[in-house]
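# Analysis of the macromolecular model
Here is what each chain is made of, one letter per residue.
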Amino acid sequence: MGVLIEGGIVSYPTDTYFALGCDLFQKKAMEKLALIKRRNPRKPFAFLCADLADVAKYAIVSNEHYRLMRRILPGPYTIVLEATRLVPRTALTRQRQVGVRVPDAPIAIALVRALGRPLATTSAALPGEEPLTDAADIQAHIGHGIDLILDGGVTLNQPSTVIDLTGSMPVVLREGKGAIQGVLQ
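On a predicted model such as this, the values are computed, not experimentally measured, just so you know. (Residues numbered from 1 in each chain as written. Predicted model: local features only at pLDDT ≥ 70, side-chain atom pairs only at ≥ 80, totals over all residues. Heavy atoms only, no water.)

## Details of the sheet that holds strand S8 (residues 161-164)
Taken in spatial order, the 9 strands line up as S7-S1-S2-S6-S3-S5-S4-S8-S9 in an open sheet, and their pairing is mixed. Two strands lie at the open edges of the sheet, namely strand S7 (148-149) and strand S9 (171-174), each paired on one side alone. Summarising the sheet, strand S1 (residues 10-13) and strand S2 (residues 18-23) pair through 4 bridges and their orientation is antiparallel. Within S2, the position partnered with Tyr12 by the bridge is Ala19. Strands in contact with helix H2 (residues 27-37) are S2 and strand S6 (119-123); relative to S2, the strand with the most contacts, it is inclined by about 150°. (Pairing = 2+ DSSP bridges. Helix = DSSP H or I, 4+ residues; strand = E, 2+ residues; numbered from the N terminus. Contact = heavy atoms within 4.5 Å. Axes fitted to C-alpha atoms, helices over the stretch in contact; angles between N-to-C directions.)

Okay, structure coming up:
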């Protein structure tokens, strides 16, 4: 856990892809993560929460949204919600929205719980390339900027399903591993 507390970058398996992550509240770590990903540092990353209680600290969750999230989380979904004031500016869109995940992945959840606050997260992939599927590939292709790689075996998965809950009706922004049929009723 010292790696995250000291502003380091960790690679870990999730229920979708291998991911890269850092402490959401450390600006320099967030900048380093953006540099590794070759991504505009102003474009926010989604973040992992340990459970729905954590989500409610960092996002505005109506009763209806809570009921939906309780059915699908933990799981392979990214939920877009309005942010609370606890979210650092580096993790916000201009519209003050956030993408939140509660993955069904023991290693990822253990990292978040041990850190005690959300983990900024993104797939272990470079722009225009397929996500890397195991620790050895991550080390070979992007390991130069990563402080710790947690090997969880090979992950051959799909991206998370992204559901926007900021409007009057849920909107699927990306279909991925999380089922859509029967979920948004």
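## Comments concerning unusual backbone geometry
The amide bond that connects Leu73 to the next residue, Pro74, takes the cis arrangement and shows omega of 0°. Note that Pro74 resides in the loop between helix H4 (63-72) and strand S4 (77-82). Notably, Arg38 is not glycine yet its phi reads approximately 55°, a positive angle. Structurally, Arg38 can be placed in the loop between H2 and strand S3 (46-48).

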